[in-house]
Amino acid sequence: MSTKVAVIYYSATGSVHALAQAVADGAASAGSEVRLRRVAELAPDSTIDQNPPWRRHADATASIAEASVDDLAWADAFAFGTPTRFGAPAAQLKHFLDQTSELWRKGGLADKPVTAFTSAFNRHGGNEATILSLANVFYHWGALIVPPGFTDPTVYAAGGNPYGTSAVTGPTGDGTDTAALEAARYQGRRLARIATRLLAGTHVTAGNAPATEAGTTLQTA
């Protein structure tokens, strides 16, 4: 049985979409079944139409299915992507996360590996702060945060962000560079491999299943 990975993201003009696709490709290359999902857009058409790159990207990705909480219930592991907005996740992704309370109350988000990635205009535009902000959500879920760390040369080549892949679009808006995409693929592979190892062993959450002889409490996948 293959590991199931949900890659859920918001992208306005395409940078985070490119990272999300790379994360999904990395997870798939590690043998996982992957769902790539975009969260619902909250901005009105009148606002999107004022920014031609935003409009082009919205039209180009309209065929990608919108994320639902059911995708989280289905998945064994999650990857979340967002542009940074003043050092915090975009409202569109936060709106999606705010819908997970019922699944959270049922324990459906606990013990599942999770990772995050982001993009900003400037290198110091809030990339690390955005990923750390998302981690607060994951703590509440009881999810198992899987950062890339400094565990592969691709992390260094992409700028050395141990919290998660972070792209810098820069003033030219030329899109996500090759180094960031390679780091995102690695992050997806790492997430999938760790999820596979966990599924092959045990998930530890008190109260979800009878204790084993070793005194550990197990939760089925």
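Structural data are supplied above this passage.
Presented here is an overview of the structure given in this document. This structure is a prediction, so every number in the text was calculated from the model and none was measured.

Overview of the overall build of the protein chain
Turning to step 1, where the next piece is worked out: Per the secondary structure count, the protein chain includes nine helices and seven strands.
Turning to step 2, where the next piece is worked out: Counting every position in the protein chain, which comprises 221 residues, the buried fraction comes to 48%.
Turning to step 3, where the next piece is worked out: Once local pairs closer than 6 in sequence are excluded, the contacts in the protein chain between residues at least 24 apart make up 76%.
Turning to step 4, where the next piece is worked out: Summed over its atoms, the accessible surface of the protein chain is roughly 10,600 Å², and 53% of this surface lies on carbon and sulfur atoms.

Some remarks on the pairing of strand S5 (residues 113–120)
On a regular strand, each side chain points to the face opposite its neighbour's, so the side chains alternate between the two faces of the sheet.
Turning to step 1, where the next piece is worked out: For S5, a buried count of eight out of eight residues is recorded, marking the element as mostly surrounded by other parts of the structure.
Turning to step 2, where the next piece is worked out: Judged from the six bridges that link them, strand S3 (residues 77–85) and S5 form a sheet pairing that is parallel. In the strand pairing of S5, Gly81 is matched with Phe117.
Turning to step 3, where the next piece is worked out: Relative to strand S7 (residues 166–168), S5 is paired through three bridges, and the arrangement is parallel. When the sheet's bridge partners are listed, Ala120 is paired in S7 with Val168.

Observations concerning helix H1 (residues 15–29)
Turning to step 1, where the next piece is worked out: Taking 1.5 Å per residue as the helical rise, H1 with its 15 residues ought to reach 21 Å, and the 21 Å between its terminal C-alpha atoms agrees with that figure.
Turning to step 2, where the next piece is worked out: Three or more residues of H1 are buried, namely Ser15, Val16, His17, Leu19, Ala20, Ala22, Val23, Ala24, Gly26 and Ala27.
Turning to step 3, where the next piece is worked out: Gly31, located one to two residues past H1, shows a positive phi value of around 95 degrees.

Reading the values: rules and limits
- Residues numbered from 1 in each chain as written.
- Predicted model: local features only at pLDDT ≥ 70, side-chain atom pairs only at ≥ 80, totals over all residues.
- Heavy atoms only, no water.
- Helix = DSSP H or I, 4+ residues; strand = E, 2+ residues; numbered from the N terminus.
- Buried < 20%, exposed > 50% of the residue type's maximum accessible area, 1.4 Å probe, protein only.
- Contact = heavy atoms within 4.5 Å.
- Areas by Shrake-Rupley, 256 points an atom, 1.4 Å probe, with all protein chains shown as cover.
- Pairing = 2+ DSSP bridges.
- Expected span 1.5 Å × (residues − 1).

Fair warning: the whole summary comes from geometry, so function is off the table for now.
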